[in-house]
Every structure is written in structure tokens, then in C-alpha cells.
Amino acid sequence: MGKRSRRKRLLWRKLRKEEAAPSEAVTAEQPRHEGKKHGFFYETYSKHYKVLMLFTLFLLFASLGFIGIKYAMTGVWINKDISLAGGISITVLSEKDLPLKEVQDFFSGRHTGKEFTVRKFSSGDQKGYIIETGELIEGELRSTAEALFGKLTKEQLSVEIMGSSLGKSFLRETGIALLLAFLFMSIIVLITFRNLVPSLFVILAAFSDIVCTFALTQLLGIKISTAGIAAFIMLIGYSIDTDILLTTRVLKREGGTVLDRTLNAMKTGITMTLTALVATVIGLILSKSSTLSQIFLIITIGLVFDILNTWLQNAGILRWYLEKHGKT
Amino acid sequence: MGKLKAIFTNFRVIILLVVMLLALVAINPAIETKGLLIGGVAMNSSASIAGIQVPNPATAPRSRERVLAINNRPVNTVEEYRAFVTTLEPERSFTIKTTKTLYRLTTKPLLRRTALNETELRTVTEYREENVTTENGTVESRLIPYNVTKEMPKILEEVIGTEDIGLRLYLAPDSNLRKGLDLQGGSRVLMAPEEKVTQDQMDTIIENLKQRLNVFGLSDVVVRQSGDLSGNQYISVEIAGANEEEVKELLGRQGKFESRIKNQTVFRGGEDITYVCRSAECSGIDPQVGCGRAADGATWVCRFQFAITLTPEAARRQADLTRDLEIVSQDGTKYLSEKIDLFLDDQLVDSLNIGADLKGVPTTDIAISGSGVGTTEQEAVTNSLQEMKRLQTILITGSLPVKIGIVKADNISPALGSEFMQNALLIGVLAALAVALIIFFRYRKVAISVGIIFTMFAETWIVLGLAALIGWNLDLAAIAGIIVALGTGVNDQIVITDEIIQGEKASSFISWKQRIKQAFFIIFSAYFATVVAMLPLWFAGAGLLKGFAVTTILAVTIGVLITRPAFAAVVERLLKK
């Protein structure tokens, strides 16, 4: 007999007893789910998982398609801000309240042929404008600013200049860093699971996250900065977290069906994503720094896609693969 | 109560608390600091003459020298200091009390010197060699000063004000955390050589730039070499609290070096000097003169010399200017009646004797000599060599091996910087509360929410402690890194909590120890994936994103090794029945 089998039987008995009693709020769900508890969601999720999974794959291809078409039509595949394209940006702290259009027109009027982007920002006691454009001599921009806002002390004016060749090299640099990061991460995933196919699903999910998020940022006309690319790399980390969780729980746990284990993991995973999401949304609303704002925006979008790509795509493909190989 | 005891005696928790205490010591937050921090001391100013030294950037911010009172009146704000400075008249004395000692300063008048066409008889001091018999009976050669009266152009000196005392003061720091440019304000300039340079050349360039910036006497200056994945070379210069214009002015130029005889330019740095010798064959202590005792018998003086090469034009100019000078000869060494003045950026940095053999002769190979003093022979030698090195750098500064251009320049006003910091703190606190709320809704136990918040705080605290310890500058990149780490931290804690809760339920087939193992398996895989994703950033992008990568890696490592295991131990004990 042995101790272990006796323990197993004791556990079995305990399990049966607990099925009768309702679960407390502090616990995770039991291995068997009551159909009526989850209703619509459970029905759809368990029965139509293949459709849901295909939907996310559709999103992925739509994103790739969008990027491809945009490149074919405009020759541009990424909207760049001055940190990647080169240019000059000044931040002016001023009490004056002027409509953005007026500020923009004033600058465009003074420097013909140049495009200006103007943003407002305000916090407790400081208000101001951020004005960006392509290559321009700092002195000229400064005197135009003073013409509009009045004499500016060095406290009221901040300048950021980026040479365009450096910007291009930054894009290449951080792009390479992103690819390398993705590659290294994939290797780690393969080592972790030692199983080629599930690892590929995880990598696919991370890839989908990044591609879909990127496509959406381009659709929204967001200009990516170096911080933005760093945000994409951060996104790799967050995506992987949930996908590793899902795959580990599904592959290494025993007891219950694949579906049960998936739903089990989902509770943990969604909590994880939700906490990150709530933090980045707060950051997005409150942030004054444009660097941090872009990071928060990209991660927020990325996390939303991550929910879809982990629990609909990755979970779906994994389940389909396991059921096909009879490992329910 | 028993649970609390179990929590605090667990060794992981103890390690956590100890590390947090160490962080507290490293950060050294102040409740109230008096005085103003000395940020810079300009060369040859009243402040430096009085003995105030340029602060060493390696010392922790809270341990640096601070000005406490001027003329016994305490000074705590920069406005108070400025108000005092406007009341200064030339040739006045006042005292400055600092955390180290009391200094006595005398203001210098701001002079305008104009050379008139008239000449006058003036007595100047020069040195010559002499053999002297000492008390012991030995014969030594000494450098003896003697006075020479000769015709020199009259110089009209007018006092046009008070020279700045050359002290740059900042608000006293409230902790040992160093704020980077994004949070403190300042200038960041990224430069690149216009052609590929060797490591030696790069070292020379960096030395030059530091020398130029030394003129300001600023302590918080970082000049660093950096590169990127494509092998491009960059030099990054960061100066906290300085104006971007000042910095660009200083760095953007080749460096204006001039030498003049009687106010006429002989040769300029950059174009006229083709080579400055730094090796032992043609530079060092002058073998023919060596070291000797000065006239007062107490100080030692050593002469050094090194070779430079001029262009033929510069050599001709030198010949023209020296042709009409007289030779002043004494036993031993013969010099010309005029000295050659060296100017760096229009500031006189040195005045040297011209060897008599240069009179009227266009030589491209010139030996520049000077001297250094010390209380012992050894000290004199060291000081002489340092003087020589400084002179060489000045001459070399005037001739950078390659032209360097500015590719990126940022100037962040301090007002904006402190905005960012307050903003970051606000976001941090609110985000933490929001996360706590979600945790509470999920687990319905306040203890867990508190635990997670505390762990997040502990992680941030320890990372900041580490940053304070190694003198790491906190900027937006570092903040972003901490955000990433906290995000993964909360994720890990949720994973741990879930595993423990399910273990409690005992409703699965895997033993409880194994569940923890599995939780940490997930955590460590995610950890390695994050670290490895950050590694390429370490080397990419001219080092500007490096801060982000490094902070993230450090913070998640601290999390995985210290704070999260401690959290696991705490939750384990809290939920164990």
C-alpha cells in the first residue's frame, strides 16, 4: 500500500466532502466548475474556443496587413517623434492661455515650410506648451517663442535637440534591441518548457501582442519615441508573464480537464493583468512627462491585447493542440 | 500573536528587514538640512584662493561640504546668498562658515587692463641659477630670485566692479539619492567625433573636455564615453544645474588657445601646434637643471620641460616677434626679455620664459619649460610633473585630434525637473492604492493587500538604497525601470498567493511544497525572460537607455531574491491554518 496512496485516498475523500459545501471567498475555484455559476461566459468560452482563437489570429493578420499596406502606400511604416526622426522640441512654462491652433499657426507663420506640433500640459502650479518641429536652429525657435510668450528665463524654457542622423541610428539601435530581446526571450521560453510546440504558442502570443499594439498606435497616429520602443520591450516581459503562467499550469498540473486548468490559471492571470492595467491607466491620466505618457499608453494598449492573446489565442491553441493529441 | 512571531522570526523576512535597514543608512534621509550645498568653485576666484575646494563628486550628497553662515548670519536659501553677493564691494573681507571649517575671503576687484603707449621703469622678479655653499659644506645649485628694472609698457588698471567670488551654491540635499538631469534640471550634451578615433584619441578627447569644464569648477560633471550596437562612438556630457548655452559654448568650440608675446599672438592651439610630446624621451624634469632649493632655503623647485612642434608659419611668427627682444643673461640660463603668455579662452593660464636661442630663429621644435615647487624634493618633483601635465593638456586642448560635433543637446529647467519628480511620486502612490484595492477585491483579506503594498514599497526602497550606495543617478529611465520591476513584482506576488491559497484548500494532487516550487518556477522563468529582454538595451542607443535596462534588471533581481521570497514566507504563515 504505502503512505502515498493512503494520502491520495484521504484527499479524495476530503475532495468529495468539500464539493457539497459552498466555497469561501478566499479560495481559488475547485477543479470542477458549476455551469450555472458562470453562465454565458463559461458556455461561450468552453464551447466556442476555436472561434475565439481564430478571432485573435484574425486581429494579428489584420495588424500585419495594416502595417504592410501603410508602408506600401506611404513608404513609412512607423510614425516617429523627434527622438527618432531628429528635430527640436522646446517646453515653455507660461501663464498665457492660448488655443493650440493659434500657437501652431504663429510658429508656422514665422518659419515657413516647417511643420509644428503643439501640446499643452498643466499641473498644480505650472502650465505650459510643448512645441516640436523638424530641424531648426535653436536660437530662431527661441526668439519666436519669446515673441509669442514674452521674455523667457532659463527656468521657463527647456530645449531638446536631436540630430536626425542620431535619430535614425536610435531607431535602428532600439529596433535591433527589440529583436534581440524577443529572440533571447524565446530561447528562455524554449528552455523553460523543453517542449517545442507549447513554447511556440507562447512566442506567438507575445509576438501578437507587440504587433497588434504597434498597429494600433500607428492607426491612432501616435508618434513613437525611443521611450516608446523601450515600452515595447517592457511589453514583452509582461506578455510572457501571463503566457508562462498559463502554459505552466496547463502542462504541469494534473487534475481536471485542460479547460478547468485554463480557467483556474485565468483567475490568477487576469488579476495580474488587471493590477498592471490599473497602474498604467493611472499613470497615463496623471503623467506630465511625455516620455512616461507614451510608455504608459503603449503598455495599456499592450495589456488589453495581452488579455485577448493569452486567454483566447494561447489558451485556445494550446487546448486544441492537447485535445488533438488526446491529453485532455 | 503567534502568527506575528512566526512571521518575524522567519529568516527570509529577517533578511528583508536587514536589507531595508541598510538601504535606510545608504539613503540617509534628512528631516531638516541647514545651509547650502557647494556645487562648484571657480578657478582663481576669491573662494578658491581662500581655500574652498571643488567638491569631490564621489562623496555622497549628504556628506558634501555645505555653507552654513556668512559673516555669522545663517544662510539657507539661494536668494539669501544672492542678496548678500549684491552687497559686496571690492577689497572687502568676510567669513564663510561651512560644515568643515571657517574660511576668510577677500573680494577681488574687477579690473580692466589697458596697455598704454607710454613706457615706464618697472622692477620685476626673475630667477637664476647659482651655486651656493650650504652649512654642511656641500655645494648645491639653487634658483635665486633677483630683481630686474627695465622699461615696460604702462598699464592702466581701472576698477569696474567686484569680481564674482566664484562660489556656486545649491539647495542642500535631503537624501543621498542623486537626481539625474530629468529630475534636477541641467544640460546633457551628446557628441560624436566626425571620424573614427582610436581609444587613445578618445581618452585624449575626454581629458580635454574635462579640462575645459574644469574652468567652471563644477563638481557634478560627468563626461563619459559610450557607444551603441553599431559600433558608433559617442561622448556624453552631463552637467547638473548648468545652463545649456554655457555648456555648448564651452564644448562646441575647438577650444581657444593662444600664446602671446607683448600681446601679439605667436601661435594658436589647433592650427599652429602639430604635436605635443608626452613620452619620456622629450618630456619630464629638465635633466640639465633638475631640482634645487629656492632662495629661502626651505622650498624646493624643479624645472620641467617638454617638446612641441609648430607649423612653419607659427615658427616664422615667433621668429619675427622675438627678433627685437633683448637677451637677459645670467649664469646658467639665458632668456629673452619678454615672457610668453599662454591664454586659454582668453584667460591667462601661464607665463613662461623664452629660451634665448629662440631669438629671431624660426624653429618648429620648441621646448616649453616651467617649474613646480614643494616642501620636499619629492613633492616638488610631483608638483612639477603635474604642472607639466596640465600645461600639456592645455596645449593639446587647443588641438583636439579630431573635430567633434554635437549631435544631441537637452536642457531641462529645474522647475520642470521637480515637476516630474512630484508627478512620479503621485502616480506611484495612487497606482499602489489602486492595486491594493484590486487585490482586496480578489482575496477579501486586508492582510494580503497590506502585504503586497508593503512588498512593493520594500522593493522600491531597496532599489533606491542601492542607487544611493553606488551613486547612481535617478532619472526618468530609472523611474521607468522601477515601474517595470514593480509590475512584475505584483504579478509574482499574485502567483505566490494563489498557489498558497490553493495549497491551503488541499484540493489538488500535488503536495504543498511542490506548489510553491511551481510558483517559483513560473516566477523565475518570467524573471529570466525579463532580464534577457533588457540586456540588448544595455548596449544599444548610445547608452541613453542603459539606465532603464540596468535599473530594471537590478530591481527585478532584488525582487526575486529578497522581497518576493519574504512575501511568500509571510503569506504562508498568515494563511496557514
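Refer to the structure presented above.
**Let's talk about the overall build of chain B**
Part 1: Scanning chain B for helices and strands turns up 14 helices and 24 strands.
Part 2: Considering chain B as a whole, with its 577 residues, one finds that 51% of them fall into the buried category.
Part 3: Put simply, of all contacts in chain B between residues at least 6 apart along the chain, 74% involve residues at least 24 apart.
Part 4: Accessible surface computed for chain B: about 26,900 Å², of which carbon and sulfur atoms make up 56%.

**With respect to unusual backbone geometry**
Glycine aside, a negative phi is what most residues show, and trans is what most peptide bonds show.
Residues and elements named next belong to chain B.
Part 1: Although it is not a glycine, N28 adopts a positive phi angle of roughly 50 degrees.
Part 2: By the element assignment, N28 lies in the loop between α2 (11-27) and β1 (36-41).
Part 3: You will see that R444, though not glycine, has its phi angle at about 55 degrees, which is positive.
Part 4: Summarising the element assignment, R444 is placed in the loop between α10 (414-443) and α11 (446-470).

**Side note on the side chain of A:R249**
Part 1: Following the sequence through the fold, A:R249 ends up in helix α9 (residues 226-252).
Part 2: Of the residues examined, A:R249 reaches a relative accessible area of 1% and is grouped as buried.
Part 3: With residues near it in sequence (within four places) discarded, A:R249 still touches A:R261, A:N264, A:A265, A:T268, B:V495, B:D498, B:E499 and B:Q518.

**With respect to the packing of aromatic side chains**
Part 1: Applying the stated criterion to the full structure yields 14 aromatic pairs over all chains.
Part 2: Between A:F107 and A:F116, the ring centres sit 5.4 Å apart and the planes meet at 45 degrees, which makes this aromatic pair tilted. Side by side, A:F107 and A:F116 carry an identical accessibility label, which is buried.
Part 3: Each member of the aromatic cluster is reached from another via a ring pair, and the members are B:F520, B:F524, B:Y527 and B:F528.

**Here we look at the pattern of salt bridges**
Residue and element names in this part refer to chain B.
Part 1: As enumerated under the stated definition, the model contains 11 salt bridges over all chains in all.
Part 2: The partner of E89 in a salt bridge is R92, and the shortest N-O contact between them spans 3.9 Å.
Part 3: For E89, a relative accessible area of 41% translates into the label partly exposed.
Part 4: As a salt-bridge pair, R323 and D320 come within 3.2 Å of each other at their nearest N and O atoms. Pair noted here: R323 and D320 are both in helix α8 (residues 312-323), with a separation of three residues, about one helical turn.
Part 5: A relative accessible area of 42% means that R323 is categorised as partly exposed.
Part 6: Taking the relative accessible area as the measure of exposure, D320 reaches 44% and is therefore partly exposed.
Part 7: One salt-bridge network, held together by shared partners, links R188, R224 and E238.

Cut-offs used in this document
Residues numbered from 1 in each chain as written. Chains lettered and ligands numbered in written order. Predicted model: local features only at pLDDT ≥ 70, side-chain atom pairs only at ≥ 80, totals over all residues. Heavy atoms only, no water. Helix = DSSP H or I, 4+ residues; strand = E, 2+ residues; numbered from the N terminus. Buried < 20%, exposed > 50% of the residue type's maximum accessible area, 1.4 Å probe, protein only. Contact = heavy atoms within 4.5 Å. Areas by Shrake-Rupley, 256 points an atom, 1.4 Å probe, with all protein chains shown as cover. Phe/Tyr/Trp six-rings, centres within 6.5 Å; stacked < 30°, edge-to-face > 60°. Salt bridge = Lys/Arg side-chain N within 4 Å of Asp/Glu carboxyl O.

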